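Structural description and commentary
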Amino acid sequence: LRLPGNNPLENRPASLMPKVNRKRNKPSSDGPASARGHRGIEFHKSKGQHILKNPLIVNSIVEKSGLRPSDTVLEVGPGTGNMTVKLLEATKRVIAVEVDPRMVVEVNKRVQETSMEKKLQLIHSDFLKLELPYFDVCVANTPYQISSPLVFKLLAHRPLFRCAILMFQREFAMRLLAKPGDPLYCRLSVNTQLLARVDHLIKVGKNNFRPPPKVESSVVRIEPRVPPPPINFLEWDGLVRVCFQRKNKTLAAIFKNKSVLNMMRAYSDIAEDGGAPTVAGRDAGFSAMVLVDDEENMEEGKGGGNDNDDDMEDDEEGGDDAPVSLKERVMALLEKGEFSTRRSSKMDISDFLALLKLFNENGLHFA
């Protein structure tokens, strides 16, 4: 037994008593531990690696894909295979394209020695550099950095697929869906909606990913238009690029620009020499167009640039050395087609098609 008063610490003042540190060291939310997920793999945000961890969201995406037992599915960026396994259960075959060798190993482990192993073709490659195989449906949790090239690489693929179910940064998804008059309406909106029908499916909060991104996400469905519109896509994209350089300016103001007039004169001279692009070459032209359509790519947590072009300085208008006859010709055509006071931000696809037809029929070209 210990008698009271025998312990020298009992009579020591509280200020002299030894302190016990009861705090546990917690890993910083910004440190590597916060980015570790399946089997301790460290995910790299710089590479757009945000693994979808919520099984309810995974199941919802698979359900909304409208998969058939006979389908071949192309999955871009399978990560650790959470979605891959569900796709294998619902379809005949899955072709998964993954650039990270660590993820390739993980996905292989998920299906090894199971009935799904023979149904999976895993390709270790950069998706943008890959010649795509045949597929019916595409499913992707898209790295934000390649959003735009991924969309147009898919739409350039032949034969056309049935649909694509794609996860994007919320703002990028809203640009795909934007209509005339919407602040997010841009060249990306017009080019995508020319070639496909786009529908918003579900919103996905950032806490459904590991590690969580800085922004919210959305899942969209892209269904290619069959057949594609019978136009030359290089010509189309050349016109749309010009119009959306200053989308809130009138078309008359845009086409008075000296550099625009010089560009039109150069391409029109080529056309007079028999070099005008033809509808027969539209697929090749489209492939070239989409490979450079990357201005709408977004880094995580950053918007897609400044669309308020009212604050931008206009380039020099045509002066004494400008192609005056061409300028007058263009202004007359815009007036004839009632386009002079129109603004790109309020024009729909049918308006741009009519404008392109008006210029082409009068020997003016954009590619």
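Look a little higher up for the structure.
Here's a quick rundown of the structure. (Residues numbered from 1 in each chain as written. Predicted model: local features only at pLDDT ≥ 70, side-chain atom pairs only at ≥ 80, totals over all residues. Heavy atoms only, no water.)

**With respect to unusual backbone geometry**
Definition in use: By definition, any uninterrupted DSSP run of H or I lasting at least four residues is a helix, any uninterrupted run of E lasting at least two residues is a strand, and each is numbered from the N terminus.
Here the bond from R158 into P159 is cis, since omega is 0 degrees, no more than 30 degrees from zero. You can see P159 is positioned in the loop between helix 4 (147–156) and strand 6 (163–169). Each neighbour pair has its own omega, and for R210 with P211 the value is -10 degrees, a cis peptide bond. By the element assignment, P211 lies in the loop between strand 8 (209–210) and strand 9 (217–224). With a phi angle near 60 degrees, E113 is a residue other than glycine that sits in the positive phi range.

**Notes on helix 6 (residues 187–195)**
Stated precisely, the cut-off is as follows: Note on classification: 1.4 Å probe, protein chains only; a residue is buried when its accessible area is under 20% of the maximum for its type, exposed when over 50%, partly exposed between these limits.
Of all the nine residues making up helix 6, nine are buried; the element is thus mostly covered by neighbouring parts of the structure. For helix 6, the set of buried residues is R187, L188, S189, V190, N191, T192, Q193, L194 and L195.

**Notes on the sheet that holds strand 3 (residues 93–98)**
Heads up, the rule is: Strand pairing is assigned whenever DSSP detects at least two bridges linking the two strands. With axes taken as lines fitted to C-alpha atoms, and helix axes fitted only over the stretch in contact, angles between N-to-C directions fall between 0 and 180 degrees.
Within the open sheet, the seven strands sit side by side as 4-3-2-5-6-9-7. Their pairing is mixed. Among the strands making up the open sheet, the edge pair consists of strand 4 (120–124) and strand 7 (196–204). On average, each strand axis in the sheet is tilted by 20 degrees relative to the strand beside it, whichever way the strands run. Direction of pairing for strand 3 relative to strand 4: parallel, over a ladder of five bridges. Within strand 4, the position partnered with I95 by the bridge is Q121.

**Remarks on the packing of aromatic side chains**
Stated formally: When two rings of Phe, Tyr or Trp (its six-membered ring) have centres within 6.5 Å they constitute a pair, described as stacked for plane angles under 30 degrees, edge-to-face for angles over 60, and tilted for the intermediate range.
Taken as a whole, this structure holds eight aromatic pairs when the rule is applied. Residues Y185 and F244 carry aromatic rings whose centres are separated by 5.8 Å and whose planes lie at 70 degrees to one another, so their mutual orientation is edge-to-face. Here the residue Y185 occupies a position in the loop between helix 5 (170–177) and helix 6, and F244 occupies one in helix 7 (residues 233–245), the gap between them amounting to 59 residues. For the residue pair Y185 and F244, the accessibility class agrees, reading buried in each case. For the ring pair F255 and F366, a centre distance of 6.3 Å and an interplane angle of 75 degrees mean the geometry is edge-to-face. Pair noted here: F255 is in the loop between helix 8 (251–254) and helix 9 (258–275) and F366 is in the segment after helix 12 (349–361), with a separation of 111 residues, a long-range link. Looking at F366, the relative accessible area reads 3%, which means it is buried. Following the ring pairs from residue to residue traces out a cluster consisting of Y185, W236, F244 and F352.

**So, the nonpolar core**
Across soluble globular proteins, nonpolar side chains show a tendency to be buried alongside one another. Our working rule: Put simply, buried Ala, Val, Leu, Ile, Met, Phe, Trp, Tyr and Cys residues joined by side-chain atoms within 4.5 Å make one nonpolar core. When checking whether two residues touch, look at their non-hydrogen atoms; a contact exists if any pair is within 4.5 Å.
Formed by 65 residues in total, the largest nonpolar core has its most connected members in L74, L154, L166, I222, F255, V330 and F359. Of all the elements, helix 7 adds the most residues to this core, at seven residues. With sequence-adjacent residues up to four places away left out, L166 is seen in contact with C138, A140, T142, L150, V151, L154, S218, V219, V220 and I222. In this structure, I57, L120, M167 and V204 belong to the second largest nonpolar core, which totals 26 residues.

**Topic: the packing of helix 6 against helix 7**
The condition that has to hold: An angle below 35 degrees is read as roughly parallel, one above 145 as roughly antiparallel, one from 65 to 115 as roughly perpendicular, and any other as oblique. By definition, turning the near helix anticlockwise from the far helix through less than a right angle yields a left-handed crossing, and turning it clockwise yields a right-handed one. Asp, Glu, Lys and Arg are counted as charged, while Ala, Val, Leu, Ile, Met, Phe, Trp, Tyr, Cys and Pro are counted as nonpolar; the rest, among them Gly, fall into the polar class.
For the pair helix 6 and helix 7, interaxial distance at closest approach is 10 Å and the crossing angle is 150 degrees. Comparing their axes, helix 7 and helix 6 come out roughly antiparallel. Crossing hand, helix 6 versus helix 7: right-handed. Of the residues in helix 7, those in contact with R187, V190, N191, L194 and L195 of helix 6 are F233, W236, D237, V240, R241 and F244. Broken down by class, the residue content of the contact of helix 6 with helix 7 amounts to seven nonpolar, one polar and three charged.

**Overview of the environment of A173**
Structurally, the position occupied by A173 is in helix 5. Note: C-alpha distance between A173 and S217 (44 residues apart in sequence) is 8.0 Å. Apart from residues lying up to four places away in sequence, A173 is in contact with F168, S218 and V220.

**Thoughts on the pattern of salt bridges**
As a working rule, side chains carrying opposite charge can pair if their charged atoms are close by. Just so we agree on the cut-off: Salt bridge, as applied in this entry: a Lys or Arg side-chain nitrogen positioned within 4 Å of an Asp or Glu carboxyl oxygen.
Per the stated rule, a full pass over the model turns up 10 salt bridges. Note that D100 and R102 form a salt bridge whose closest N and O atoms lie 2.8 Å from each other. Relative accessible area serves as the criterion here: at 5%, D100 is assigned to the buried category. Residue classification places R102 among the partly exposed residues on the basis of a relative accessible area of 30%. In this structure, the salt-bridge partner of D351 is R342, at a minimum N-O distance of 2.9 Å. According to the relative accessible area criterion, D351 is buried, its value standing at 17%. In this structure, a network of salt bridges that share partners links the residues R187, D237 and R241.

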